[in-house]
Amino acid sequence: MRLTLSTAAAQDLTIPELLEACRLRGLAGLELVAGHAHGIGPGTDLREIAEARAAAAEAGVVIAAYRAASRNQAMGEGAARLSVALSAPVVVPASEVMDDDAIATAATLYARVGGVLRLEHPSDAESAAALRRLAERVGGNALGLAWEADPADPRFAADAKDVLQGAGPFLRHVRLLGGGPEAAGQEGQGIGAMMARLTL
């Protein structure tokens, strides 16, 4: 397990500033969220992506994922090629997709170019199990799962074991909420603002 900073907690920081924060606090990875000041996305020049990746490697930081906010940001060839360029999965909330055929088509595309797509589910064991069945049907290594673990969700503590069992070996990325803007509503439920303060 690697402790990773998401740009959700630092939307206005550039890549050098994010990497410095990770270096100072000993964080191992960086999750890039679409639309933030880091400037990386499916349309970014490959040379710029390579420079960001090289800077991360020099700082000893792994780019753990690129989190897309919508289907349009995740399902096309540009996103698949971004996954390859970053050597990191593209994560998208499954609720933004909700179409098994589209997911299967995207997984085929990602597999063809060598990228990885992860479908994100909440603390809901049934959702995790349904996505696992889909990933099993699609086959290959291009499609996996991500869990957005929200301590404010009543299911988080009650159903965590069932979520893990439902997702099984396809779960490769966990976003533990509590270090970014959402921390204000999670007092006493997780790492919250303390994590943001320690990191930034």
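All values reported here derive from a predicted model rather than from experimental measurement.

S.K.: Sorry if this is basic, but what is going on with the overall build of the protein here?
M.R.: Along the protein, the regular secondary structure elements total nine helices and seven strands. Counting only residues that meet the buried cut, the protein has 46% of its 200 residues in that class. Surface summary for the protein: the accessible area is close to 10,000 Å², and the carbon and sulfur share equals 51%.

S.K.: Can you walk me through the confidence of the model for the protein in this structure?
M.R.: Close reading of the predicted structure is inappropriate where its pLDDT is low. Residues with a pLDDT of 70 or more make up 88% of the protein, whose mean pLDDT is 87. The model gives residues 180-192 a pLDDT under 50, and that stretch makes 19 contacts with residues more than four places away or in other chains.

S.K.: Could you clarify how one ought to interpret the pairing of strand 6 (residues 143-149) in this entry?
M.R.: Side chains on a regular strand alternate between the two faces of the sheet. The element strand 6 is extensively covered by neighbouring structure, given that six of its seven residues are classed as buried. Between strand 5 (residues 117-121) and its parallel partner strand 6, the chain crosses via helix 6 (residues 125-138), and the hand of that crossover is right-handed.

S.K.: Help me understand the side chain of threonine 44 in this model?
M.R.: Its place among the elements puts threonine 44 in the loop between strand 2 (29-33) and helix 2 (46-58). For threonine 44, a relative accessible area of 14% translates into the label buried. Non-local contacts of threonine 44, meaning those with residues more than four positions away in its chain, are made with Gly39 and Ile49.

S.K.: Quick question: what am I supposed to make of the side chain of threonine 7 here?
M.R.: Examined against the element boundaries, threonine 7 turns out to sit in the loop between strand 1 (4-6) and helix 1 (15-25). For threonine 7, the side chain forms a polar contact with the main-chain nitrogen of valine 33, separated by 2.9 Å. Contact partners of threonine 7, with chain neighbours within four places excluded, come to Leu18, Leu30, Glu31, Leu32, Val33, His36 and His38.

S.K.: How should the sheet that holds strand 6 be read in this particular structure?
M.R.: Hydrogen bonds between backbone atoms are what pair the strands of a sheet, whose relative direction is either parallel or antiparallel. Taken in spatial order, the seven strands make up an open sheet running 1-2-3-4-5-6-7, and their pairing is parallel. Both edges of this open sheet fall to strand 1 and strand 7 (171-176), since each of them pairs with a single strand only. When the angles between neighbouring strand axes are averaged without regard to direction, this sheet yields 25°. Here strand 2 runs beside strand 3 (residues 62-67); their pairing, made up of five bridges, is parallel. Residue pairing across strands places glycine 29 opposite valine 62, the latter belonging to strand 3. Packing of helix 1 onto the sheet brings it into contact with strand 1 and strand 2, and relative to strand 2 it is tilted by some 145°.

S.K.: How should the nonpolar core be read in this particular structure?
M.R.: One recurring pattern in soluble globular proteins is that nonpolar side chains are buried together. Counting residues in hydrophobic clusters, the biggest one holds 53 residues, and the most contacted among them are Leu30, Leu32, Ile40, Tyr66, Leu86, Leu117 and Leu119. Per-element accounting of this core gives the leading share, seven residues, to helix 5 (residues 100-113). The contacts of leucine 119, once residues within four sequence positions are left out, are Val92, Ala94, Ile103, Leu131, Leu134, Leu143, Gly144, Leu145 and Ala146.

S.K.: Would you mind showing me how to read the environment of glycine 26 here?
M.R.: When you line up the elements, glycine 26 lands in the loop between helix 1 and strand 2. Since its relative accessible area comes to 63%, glycine 26 is described here as exposed. As a C-alpha pair, glycine 26 and valine 61 span 35 residues in sequence and 9.0 Å in three-dimensional space.

S.K.: Would you explain helix 4 (residues 77-86) in this entry?
M.R.: Note: α-helices contain 3.6 residues per turn, so residues at a spacing of three or four share the same orientation. Three or more residues of helix 4 are buried, namely Ala79, Ala80, Leu82, Ser83, Ala85 and Leu86. Where helix 4 terminates, the next one or two residues include serine 87, which has phi positive at roughly 55°.

S.K.: Looking at this model, I keep getting lost on helix 5. Mind explaining?
M.R.: Across its 14 residues, helix 5 extends 20 Å between first and last C-alpha, which sits within 8% of the 20 Å expected from 1.5 Å per residue. Within the sequence span of helix 5, burial applies to Ala102, Ile103, Ala106, Ala107, Leu109, Tyr110 and Val113. With its buried residues spanning 160° around the axis, helix 5 presents them on a single face. More than 90 degrees from the buried face of helix 5, the exposed residues found are Asp101, Thr105, Thr108 and Arg112. At its buried positions, helix 5 is contacted by helix 3 (71-74), helix 4, strand 4 (90-93), strand 5, helix 6 and strand 6. Its side-chain oxygen placed 3.0 Å from the backbone nitrogen of aspartate 101, aspartate 99 serves as the N-cap of helix 5. Phi for glycine 114, located one or two positions after helix 5, is positive at around 95°.

Cut-off values and rules
Residues numbered from 1 in each chain as written. Predicted model: local features only at pLDDT ≥ 70, side-chain atom pairs only at ≥ 80, totals over all residues. Heavy atoms only, no water. Helix = DSSP H or I, 4+ residues; strand = E, 2+ residues; numbered from the N terminus. Buried < 20%, exposed > 50% of the residue type's maximum accessible area, 1.4 Å probe, protein only. Areas by Shrake-Rupley, 256 points an atom, 1.4 Å probe, with all protein chains shown as cover. pLDDT = per-residue confidence, 0-100. Contact = heavy atoms within 4.5 Å. Right-handed = clockwise from strand over helix to strand, strands pointing away. Polar contact = N/O pair within 3.5 Å; in protein donor to acceptor, adjacent residues only side chain to side chain. Pairing = 2+ DSSP bridges. Axes fitted to C-alpha atoms, helices over the stretch in contact; angles between N-to-C directions. Core = buried A, V, L, I, M, F, W, Y, C linked by side-chain atoms within 4.5 Å. Expected span 1.5 Å × (residues − 1). Arc of directions from axis to C-beta.

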